[in-house]
Amino acid sequence: MRKNTDAASSPDFALFLLGIEQKYKVPLNEVLDAVTRFGISRGKIQGYFEVQSYLKKKGLTTQQVNDGMVHRWFPA
């Protein structure tokens, strides 16, 4: 457990979080919520904000995407 807390408090991880905040133009609270949700996995955090950015650009909601996937994978 000590290794995980050390990684989370490292300057590199702090710079990573600030980079996410600047790149995706989201408040720090939202970045910290993602850390709470995904842990210190940089890939998961980066992927989450990449998907959110894509959805925002396309004007889609998560619910619309989820519904579309259900209909595509399980057609009536």
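Higher on the page you've got the structure.
This structure is a prediction, so every number in the text was calculated from the model and none was measured.

Our next topic: the overall build of the protein chain. Helices and strands together make up the secondary structure of the protein chain, namely five helices and zero strands. Looking at the protein chain as a whole, 18% of its 76 residues qualify as buried. For the protein chain, the share of sequence-separated contacts (at least 6 apart) that also reach a separation of at least 24 residues comes to 37%. Summed over its atoms, the accessible surface of the protein chain is roughly 6000 Å², and 59% of this surface lies on carbon and sulfur atoms.

A separate point is the environment of V26. Residue placement: V26 occurs in the loop between α2 (11–24) and α3 (28–38). It is 9.9 Å that separates the C-alpha atoms of V26 and S53, two residues lying 27 residues apart in sequence. Discounting chain neighbours no more than four positions away, the residues touching V26 are I20, E21, V31 and F49.

Across its 14 residues, α2 extends 20 Å between first and last C-alpha, which sits within 8% of the 20 Å expected from 1.5 Å per residue. What α2 keeps buried is the set F13, F16, L17, I20 and Y24. Along the axis of α2, the buried residues cluster in a sector spanning 95°; they form a single face. Exposed side of α2, more than 90 degrees from the buried face: P11, L15 and Q22 are the residues found there. The positive-phi residue at the C-terminal boundary of α2 is K25, with phi of around 50°.

Let's shift gears to the packing of aromatic side chains. This structure, assessed with the given rule, holds four aromatic pairs. Measuring from ring centre to ring centre gives 6.1 Å for Y24 and F49, while their planes differ by 25°; the resulting arrangement is stacked. Of the two residues, Y24 sits in helix α2 while F49 sits in helix α4 (residues 42–58), which places them 25 residues apart along the sequence. Per residue, the accessibility class of Y24 equals that of F49, and both read buried.

Attention shifts here to α4. Compared with the 24 Å implied by 1.5 Å per residue over 17 residues, the 24 Å span of α4 between its first and last C-alpha is a close match. Listed as buried for α4 are I45, F49, S53 and L55. Within α4, the buried residues cover an arc of 165° as seen down the axis, which keeps them to one side. Facing away from the buried side of α4, by more than 90 degrees, are the exposed residues G43, K44, K57 and K58. Just downstream of α4 lies G59, where phi reads positive at about 70°.

Calculation notes
Residues numbered from 1 in each chain as written. Predicted model: local features only at pLDDT ≥ 70, side-chain atom pairs only at ≥ 80, totals over all residues. Heavy atoms only, no water. Helix = DSSP H or I, 4+ residues; strand = E, 2+ residues; numbered from the N terminus. Buried < 20%, exposed > 50% of the residue type's maximum accessible area, 1.4 Å probe, protein only. Contact = heavy atoms within 4.5 Å. Areas by Shrake-Rupley, 256 points an atom, 1.4 Å probe, with all protein chains shown as cover. Expected span 1.5 Å × (residues − 1). Arc of directions from axis to C-beta. Phe/Tyr/Trp six-rings, centres within 6.5 Å; stacked < 30°, edge-to-face > 60°.

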